[in-house]
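Overview (structure and organization)
This is what each chain is made of:
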Amino acid sequence: MQNFLITSDFRRSQIEDLLASAAAFKDGANELKPLAGRSVALVFFNPSLRTRASMQVGIYELGGNPVILEPGGTSWTLEHREGVVMDGDKTEHLKEFVRVLERYVSAIGVRTFAELKDWETERTDPILNAFVEHSTKPIINLESAMHHPCQSMADMMTIREKLGPEKKKVLLTWAWHPKPLPMAVPNSFALASAQFGHDLRIAHPDGYALDEELAEQIKGHATANGGSVEFTNDVEAAFDGVDVVYAKSWGSKDCYGNVDKDIAFRLGLRKDWIVDQAKMARTNDAIFMHCLPVRRNVIVTDSVIDSPKSVVIDQAENRLHVQKAVLTELLK
Ligand code: CP
């Protein structure tokens, strides 16, 4: 394992091994200190609670030292494009940033959200890939424009803990949110669900389809692993008989570069696309999942997120254990 960027870089056996290692960390059976005397940089272009705290704690618990940098905040603003005349607001190029940083640390974690400006560019994850290109040390994706693999591995761990190792009927449902959000979490959740062989149903309104190329990859992984994928626009029937409800809002790729268009369009979707008790009653007593942060009574009602079937806090805890497994594998 050279980098940790997307779960589909790894075979099923490798991601199964990561879940087993994460479970051992959680049980206290694994007391390895593979980071003793080593530092790991955590570069945050965007805010975070769970990712930042769980990475910082995890690195400490593995014996290491986290170095947190926030370009444009606690470190210089960064340019990542090649050949740019840097006479604007960017102070340092990512080439120097990475080449300097890797002289100090053993790995670099990067959080860099989509800006929702240019779909064809952002779908290629340009900033994350610039880190990969210029670093000789492992790069860990802490949520990029297109993927959040640490989150999806914690999600898979949580489903397995709560419902067992067999494949489940899993619903990924779009939810209303006042403004468009990046697609990294739904992309990675759908991809990992397919890799773990679940029967995946993806519900979204017209205009909010996932990336076509990624959707084909998800179908391929599902077929290869004994699962299935179906898509629906029916927000009521989507809940019928499922074991897992995963709610997440995302922006329309058709509205990249025109956020106001997305905001205006999604206003008409607000009433229907909330996860409430009536929808949960159609499920097979499903667990409720969300990556957090979540807007209560917008994405999900209080009664659902506060119910015993809500596992959102367990998902957040499992970030810690999964990331310790990833760090151990990358730096052993
Ligand atoms: N789920 C998640 O990544 O949370 P943060 O944005 O708080 O890190």
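Please refer to the structure higher up on the page.
This text gives an overview of the structure that appears in the document. (Residues numbered from 1 in each chain as written. Predicted model: local features only at pLDDT ≥ 70, side-chain atom pairs only at ≥ 80, totals over all residues. Heavy atoms only, no water.)

1. Remarks on the pairing of strand β10 (residues 244-248)
What counts is decided by this rule: Whether a residue is buried, partly exposed or exposed follows from its accessible area with a 1.4 Å probe, protein chains only, as a fraction of its type maximum: under 20%, in between, or over 50%, in that order. Starting at the N terminus, helices and strands are each numbered in turn, a helix being any DSSP run of H or I of at least four residues and a strand any DSSP run of E of at least two. Two strands are said to pair when DSSP picks up at least two bridges between them.
For β10, a buried count of five out of five residues is recorded, marking the element as mostly surrounded by other parts of the structure. Burial of β10 is two-sided: the residues Val244, Tyr246 and Lys248 facing one way and the residues Val245 and Ala247 facing the other way are all buried. Bridge count for strand β7 (residues 169-174) against β10 is five bridges, and the pairing is parallel. If you follow Leu172 over to β10, its bridge partner there is Tyr246.

2. A short note on the pattern of salt bridges
When the charged atoms of two side chains lie near each other, side chains of opposite charge can form a pair. Applicable threshold: Each salt bridge in this description consists of a side-chain nitrogen of Lys or Arg and a carboxyl oxygen of Asp or Glu lying within 4 Å of one another.
Scanning the model with the defined rule gives 24 salt bridges in all. Here Glu166 and Lys168 are joined by a salt bridge, their closest N and O atoms 3.4 Å apart. Given the relative accessible area of 48%, Glu166 is considered partly exposed. Of the charged contacts, one joins Glu212 and Lys253 as a salt bridge, the two residues approaching to 3.4 Å between their closest N and O atoms. Within this pair, whereas Glu212 is found in helix α8 (residues 212-224), its partner Lys253 is found in the loop between β10 and α9 (259-266), the two being separated by 41 residues in sequence. A cluster of three or more residues bridged by salt bridges with shared partners is formed by Arg12, Glu16 and Arg160.

3. So, the site of the ligand
Worth spelling out the cut-off: Neighbouring residues are identified by heavy atoms, a residue being near a molecule or strand if any of them is within 4 Å of it. Any pair of N or O atoms that falls within 3.5 Å is considered a polar contact. Within protein, one atom must be able to donate a hydrogen and the other to accept it, and sequence-neighbouring residues count only if both atoms are side-chain atoms. Site definitions follow a grid-based scheme: protein atoms alone, a 1 Å grid, a 1.4 Å probe that fits but cannot get out for cavities, and for pockets an open set with protein on both sides within 12 Å along at least five of seven lines, plus lining residues having an atom within 4 Å of a point. A pocket or cavity is taken to hold a molecule when more than half of that molecule's atoms are within 2 Å of the pocket's grid points. In this count, Pro and Cys sit with the nonpolar residues alongside Ala, Val, Leu, Ile, Met, Phe, Trp and Tyr, while Asp, Glu, Lys and Arg are called charged and the others, Gly among them, polar. Boundaries between domains were set according to an automatic or database domain assignment.
Every residue near the ligand is listed here: Ser48, Leu49, Arg50, Thr51, Arg111, His148, Gln151, Cys291, Leu292 and Arg319. The contact in question runs from an oxygen atom of the ligand to an N or O atom on the side chain of Ser48, over 2.6 Å. In this structure, an oxygen atom belonging to the ligand sits 2.8 Å away from a side-chain N or O atom of Arg111. Using a 2 Å cut-off from the grid points, one finds that the ligand occupies the largest pocket. Taken together, the residues of the shell around the ligand break down into three nonpolar, four polar and three charged. Taken domain by domain, the shell around the ligand gets at least three of its residues from each of domain 1 (7-147 + 318-331) and domain 2 (151-315).

4. Digging into the nonpolar core
Rule in force here: The criterion is simple. A nonpolar core is a set of buried Ala, Val, Leu, Ile, Met, Phe, Trp, Tyr and Cys residues joined through side-chain atoms within 4.5 Å.
Residues Phe4, Ile108, Phe131, Val245, Val275 and Phe288 are the most contacted members of the largest nonpolar core, which totals 102 residues. The element best represented in this core is helix α12 (residues 312-331), accounting for seven residues. Counting contributing residues, this core receives three or more from each of domain 1 (7-147 + 318-331) and domain 2 (151-315).

5. Some thoughts on the sheet that holds β7
Counted only if it meets this: Geometry is summarised by axes, namely lines fitted to C-alpha atoms with helices restricted to the contacting stretch, and by angles between N-to-C directions that run from 0 to 180 degrees. Contacts between residues were defined by any pair of non-hydrogen atoms, one from each residue, lying within 4.5 Å.
Taken together, five strands build an open sheet; the order of strands is β9-β8-β7-β10-β11 and the sheet is parallel. Edge positions in the sheet fall to β9 (228-232) and β11 (287-289), since each of these pairs with one other strand and no more. Across the sheet, the mean angle separating the axes of adjacent strands is 20 degrees when strand polarity is ignored. Lying on the sheet, helix α6 (residues 149-163) is in contact with β10 and β11; it crosses β11 at an angle near 170 degrees.

6. Notes on the sheet that holds strand β2 (residues 65-69)
A sheet is described by the order of its strands in space; here four strands give the open sequence β2-β1-β5-β6, paired in parallel fashion. In this open sheet, the two strands that pair with only one neighbour each are β2 and β6 (139-141). If you compare each strand with its neighbour and ignore which way they point, the axes differ by 20 degrees on average. Strands β1 (39-44), β5 (107-111) and β6 of the sheet are contacted by helix α5 (residues 126-134), whose axis makes an angle of about 165 degrees with β6.

7. Looking at the pairing of β2
Our working rule: With the strands pointing away from the viewer, any crossover whose connection runs clockwise from the first strand over the helix to the second is right-handed.
In the sheet, β1 pairs with β2 via five bridges, with the strands oriented parallel. From the neighbouring strand, Val40 faces β2, where its bridge partner is Pro66. Each parallel crossover has a hand, and the one from β1 via helix α2 (residues 50-61) to β2 is right-handed.

8. Considering empty space enclosed by the protein
Which entries qualify depends on this criterion: Grid points are joined across faces, edges and corners, and a volume is the space filled by probe spheres set on the points.
Tallied over the entire structure, the rule returns two cavities of 30 Å³ or more. In this structure, the largest cavity encloses a volume near 50 Å³. What lines the largest cavity is simply Met156, Ile159, Arg160, Gly164, Pro165, Glu166, Lys167, Phe196 and His198. When the residues that make up the lining of the largest cavity are grouped by side-chain class, the tally is four nonpolar, two polar and three charged. In this structure, the second largest cavity occupies an estimated 40 Å³ of space. Taken together, Leu116, Pro180, Gly251, Ser252, Cys255, Tyr256, Gly257, Val259 and Asp262 form the lining of the second largest cavity.

9. Thoughts on the environment of His221
Inspection of the secondary structure assignment puts His221 in helix α8. You can call His221 partly exposed: its relative accessible area is 23%. Every residue in contact with His221, bar those within four places of it in the chain, is listed here: Ser8, Leu191, Ala194 and Gln195.

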